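# Architecture and fold: a report
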Amino acid sequence: MNCQLSDPRDAGVAYGKSPSGESVANSLTSSGRHAQLIFSGTVTDITLDTQGLDLGVVTVSGSGNYDGDTFTIQYENENICAHKQSYSTTTPFVLGPDSIGYVPLDGTVFDNSDLYQQFQKGTRPKVDVIAVLASNQITQISNIMDAWQQVRAAIPNGKCNFEYKTPWLSK
């Protein structure tokens with residue numbers, strides 16, 4: 001992802017003023033990166049398999065506008081793809097190189113390994129989930145996109161082994 005230092009700074013300032021996925025997504029979009037809130041809920045499950053890489057699945061059960069829906073994120077060190085139950089249980093809603101990010105609603109910042117440790121201690125964070133569109137500088141370079149396809153294909157059970165598409169843009 002090609003991000004200037006001002007993008008994360010502006011997103012952090014927006015989060016400080018209003019800790020929500022909507023404010024962070026709006027800040028990134030106004031900085032020239034297309035981002036949007038794609039889900040909101042409580043982390044209800046997480047798995048972690050560490051064999052050189054952090055590999056696992058995060059499950060978020062929806063709340064508010066997403067009540068009754070489920071969002072699952074497959075990760076290998078970073079978030080690789082996500083499925084939204086109301087969209088499809090077999091076709092990903094978000095695929096890397098687009099970014100899938102957590103916006104913690106309680107101010108606690110975490111990555112997947114931190115989240116796993118919190119979950120093991122009984123913490124069930126409420127999060128907004130945002131997607132950030134990969135830049136054209138990434139998606140137009142075939143070597144990079146081929147590498148992303150290999151990463152997606154390596155996720156177990158074929159969950160992410162799909163050609164890059166962006167269904168979340170028309171949510």
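That block above? That's the structure.
Residues numbered from 1 in each chain as written. Predicted model: local features only at pLDDT ≥ 70, side-chain atom pairs only at ≥ 80, totals over all residues. Heavy atoms only, no water.

## Observations concerning the packing of aromatic side chains
- Counting across every chain of the model gives 4 aromatic pairs.
- Ring geometry for Phe39 versus Phe71: centroids 5.1 Å apart, planes at 20°, classification stacked. Here Phe39 is found in strand E1 (residues 35–46), whereas its partner Phe71 is found in strand E4 (residues 70–76), with 32 residues between them in sequence.
- When its relative accessible area of 0% is taken as the criterion, Phe39 is described as buried.
- The buried category is assigned to Phe71, whose relative accessible area is 0%.
- Judged by centre distance (5.6 Å) and plane angle (45°), the ring pair of Tyr102 and Phe110 falls under tilted.
- The class for Tyr102 is buried, based on a relative accessible area of 15%.
- An aromatic cluster of three or more residues is present, and its members are Phe39, Tyr66 and Phe71.
- In this structure, Arg124 packs its charged tip against the face of Phe119, placed 3.5 Å from the ring centre. (Phe/Tyr/Trp six-rings, centres within 6.5 Å; stacked < 30°, edge-to-face > 60°. Helix = DSSP H or I, 4+ residues; strand = E, 2+ residues; numbered from the N terminus. Buried < 20%, exposed > 50% of the residue type's maximum accessible area, 1.4 Å probe, protein only. Lys NZ or Arg CZ within 6 Å of the ring centre and 35° of its normal.)

## Regarding the pairing of E4
- Burial of E4 is extensive: 6 of the 7 residues sit out of reach of the surface.
- Across 7 bridges, strand E3 (residues 54–62) lies against E4 in antiparallel orientation. Bridge pairing links Val60 to Phe71 in E4.
- In this structure, E4 lies alongside strand E5 (residues 78–84), joined through 6 bridges in antiparallel fashion. (Pairing = 2+ DSSP bridges.)

## Topic: helix H5 (residues 142–154)
- Spanning 13 residues, H5 covers 18 Å between terminal C-alpha atoms, matching the ideal 18 Å at 1.5 Å per step.
- Of all the residues in H5, the buried ones are Met145, Trp148, Gln149 and Arg152. Buried residues in H5, looked at end-on, bunch into an arc of 105°, giving them a common side. Exposed and oriented more than 90 degrees from the buried face of H5 are Asn143 and Gln150.
- Tucked into the core, H5 has its buried residues touching E5, strand E6 (94–95) and helix H4 (136–139). (Expected span 1.5 Å × (residues − 1). Arc of directions from axis to C-beta. Contact = heavy atoms within 4.5 Å.)

## Quick notes on the side chain of Asn112
- As for its placement among the helices and strands, Asn112 is situated in helix H3 (residues 112–120).
- The buried category is assigned to Asn112, whose relative accessible area is 5%.
- In contact with Asn112, not counting residues within four places along its chain, are Ile46, Val58, Tyr75, Asn77, Asn79 and Tyr102.

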